[in-house]
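Remarks on the overall topology
So the chains spell out like this:
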Amino acid sequence: MKDMSFALTDEQRALKAAVYELCKQHPPEYWRDLDAKREYPEAFVSDLTKAGYLAALIPQEYGGAGLGIMEAALILEEINRSGGNAGACHAQMYIMGTVLRHGSETQKKQYLPKLASGELRLQAFGVTEPNSGSDTTKLQTTAVRTGDRYVVNGQKIFISRVLQSDLMLLLARTTPVDQVKNRTDGLSVFLIDIRGLKGLEVRPLRMMMNHSTNALFFDQAEIPAASLIGQEGKGFSYILDGMNAERILVASDSIGDGRWFIEKAVAYSSQRVIFGRPIGANQGVQFPIAKAHMAIEAADLMRTKAAKLFDAGQSCGPEANMAKYLAAEAAWDAANACIDAHGGYGYAEEYDVERKFREARLYKTAPINNNLVMAYVGEHVLGMPRSY
Ligand SMILES: Cc1cc2nc3c(=O)[nH]c(=O)nc-3n(C[C@H](O)[C@H](O)[C@H](O)COP(=O)(O)OP(=O)(O)OC[C@H]3O[C@@H](n4cnc5c(N)ncnc54)[C@H](O)[C@@H]3O)c2cc1C
């Protein structure tokens, strides 16, 4: 097994510092303004792409940096630690993995170099549906093969960054559920070009935070048969293959959020004087911050363990899931400690705490809600009876 110590290498520390420096060129006002207008951080994502950070996980032979998940995790952590929102771009890192692992050589050569250079953007991942929610195998969107095309019909909900992407990874049913042995069979993954795709209507949804999220309606949308990734009917297992990377990366968003809240809370409560002393001297203010800091550090250890196992090619399902859960909960504790420490100012837009508070909350719910992570740990890690 590779090195399992938890210290970062010199290269990883330098990477963190460089990402933080790039992020600082997009100050809090930038994110605040976009949040108010619910606009996509084009300039930030473009800078991140040009610097090669979004292509961290794309192998060098396809034009990427060929780094590990640990490095990708540190990049996302620093974005959120700096006050930005990696949610605008983190998906490309894990969606691309499905193409890399299960796409044909032709598909990889066609898409990966263009994703690495920024010529194409793949930030959209269409899984969730109004009638199936977390129960993915019950999704109802169908893709029916007719000659050299598939015809797609159905609805998706909460699909982010569709209007900012050229490509979308889509999960649809290609064999009706009553014709398969296991309900996990008969689902297929497609990498589709959504620029001007006829039969696809995109309706933006105004959400609690700036997340470019949409409802999608497919009505006889025709996509080339060549957009199928891997084998027809095996899509669910391809999506599952990408889950560990997704969990580790999303945990890193939360760890970055948590660190931002702690830094803000410590700075503010150390200088704000009420009743003749800094509010941070009061244990009612200090202890929740200290407690949240410990939780973030613990989540970091679990995230790092998961990432090291992943990069060493070892199985890491329990660690990746636990990291996502622990980090999302720790960030939420840090968010509450931070907003409490700021009193009324925590609710004022110019302090950014309320914006980060809204952004950090998402990861308790998406891309998988924490109840389902607990069900995974209870049922698959501890072997307890199944609830579904
Ligand atoms: C801002 C935002 C962006 C998103 N972006 C995307 C995207 O780009 N692509 C995409 O495919 N999806 C996306 N999602 C969807 C997200 O992944 C889902 O919202 C999430 O998986 C939960 O599905 P649901 O909302 O249908 O909740 P449901 O499945 O209806 O669950 C509702 C609640 O019930 C509880 N619950 C359900 N079943 C169980 C159970 N068996 N045991 C215990 N508790 C249970 C959970 O706590 C859950 O919070 C996004 C969501 C949001 C809010």
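Up top is the structure these notes are about.
For every chain, the first residue of the written sequence is number 1, and numbering continues from 1 along that sequence. Note on the predicted model: pLDDT of at least 70 is required for a residue's local features to be given, and 80 or more for side-chain atom pairs to be given and counted; whole-chain, interface and lining totals, by contrast, use all residues. Each side-chain value is derived from all of the structure's non-hydrogen atoms; neither hydrogens nor water enter the calculation.

Quick look at the packing of aromatic side chains now. Think of a pair of aromatic rings as described by two things: how far the centres are apart, and how the planes are tilted against each other in angle. Ring geometry is summarised as follows: Phe, Tyr and Trp rings, the Trp one being its six-membered ring, pair when their centres sit within 6.5 Å, and such pairs are stacked at plane angles under 30 degrees, edge-to-face over 60 and tilted between the two. According to the stated counting rule, one finds eight aromatic pairs in the structure shown. Residues Tyr 30 and Trp 31 carry aromatic rings whose centres are separated by 5.4 Å and whose planes lie at 85° to one another, so their mutual orientation is edge-to-face. Of the two residues examined, Tyr 30 and Trp 31, each falls in the buried class. Relative to Phe 357, the ring of Trp 332 lies with its centre 4.6 Å away and its plane at 45°, an arrangement referred to as tilted. Within this pair, whereas Trp 332 is found in helix H10 (residues 317-341), its partner Phe 357 is found in helix H11 (residues 353-361), the two being separated by 25 residues in sequence. In this pair, the class of Trp 332 matches that of Phe 357, namely buried. Among the aromatic residues, ring-to-ring pairing joins Tyr 30, Trp 31 and Phe 44 into one connected group. Throughout this description, the term charge over a ring refers to an Arg CZ or Lys NZ atom that lies within 6 Å of the ring centre and within 35 degrees of the ring normal. Taking the ring centre of Trp 332 as reference, the NZ or CZ of Arg 361 above it sits at 5.3 Å. Exposed residues in this analysis have more than 50% of their type's maximum accessible area, buried residues have under 20%, and partly exposed residues fall in between, with area computed by a 1.4 Å probe over protein chains only. Per the convention used, a helix needs a DSSP run of H or I reaching at least four residues, while a strand needs a run of E reaching at least two, with both numbered from the N terminus.

Bringing the site of the ligand into the picture now. Looking at the ligand, there are 19 residues lining it, with Phe 125, Thr 128, Ser 134, Phe 158 and Ser 160 nearest. Between the ligand and the protein, one listed contact pairs an oxygen atom with a backbone N or O atom of Val 127 at 3.0 Å. Thr 128 has a polar side-chain atom sitting 2.7 Å from a nitrogen atom of the ligand. For every accessible area listed, the method is Shrake-Rupley and the probe measures 1.4 Å; residues are considered covered only by the protein chains on display. Expressed as a share of its isolated accessible area of 970 Å², the protein-covered part of the ligand is 67%. Elements represented by at least two residues in the shell around the ligand include exactly strand E3 (149-160) and helix H12 (370-381). It is E3 that contributes the most residues to the shell around the ligand, three residues altogether. Partitioned by chemical class, the residues of the shell around the ligand number ten nonpolar, nine polar and no charged. For this purpose, a residue is taken to be near a molecule or strand whenever a single non-hydrogen atom of the residue falls within 4 Å of it. Any N or O atom pair separated by 3.5 Å or less is treated as a polar contact, with the protein-specific requirement of one donor-capable and one acceptor-capable atom, and with residues adjacent in sequence counted only for side-chain atom pairs. Three categories are distinguished: nonpolar for Ala, Val, Leu, Ile, Met, Phe, Trp, Tyr, Cys and Pro, charged for Asp, Glu, Lys and Arg, and polar for the others, with Gly belonging to the last.

This brings us to empty space enclosed by the protein. A cavity here means a set of points on a 1 Å grid, drawn over the protein atoms and nothing else, where a 1.4 Å probe fits but cannot get out; a pocket is an open set with protein on both sides within 12 Å along at least five of seven lines, and a residue lines either one if it has an atom within 4 Å of a point. Grid points are joined across faces, edges and corners, and a volume is the space filled by probe spheres set on the points. Counted under the stated rule, the structure contains two cavities of 30 Å³ or more. As for the largest cavity, its lining consists of 14 residues, and the residues nearest its centre are Trp 31, Glu 39, Pro 41, Asn 85 and Asn 210. Looking at which element gives the most residues to the lining of the largest cavity, the answer is helix H2 (residues 28-37), with three residues. For the lining of the largest cavity, the per-class residue count stands at five nonpolar, five polar and four charged.

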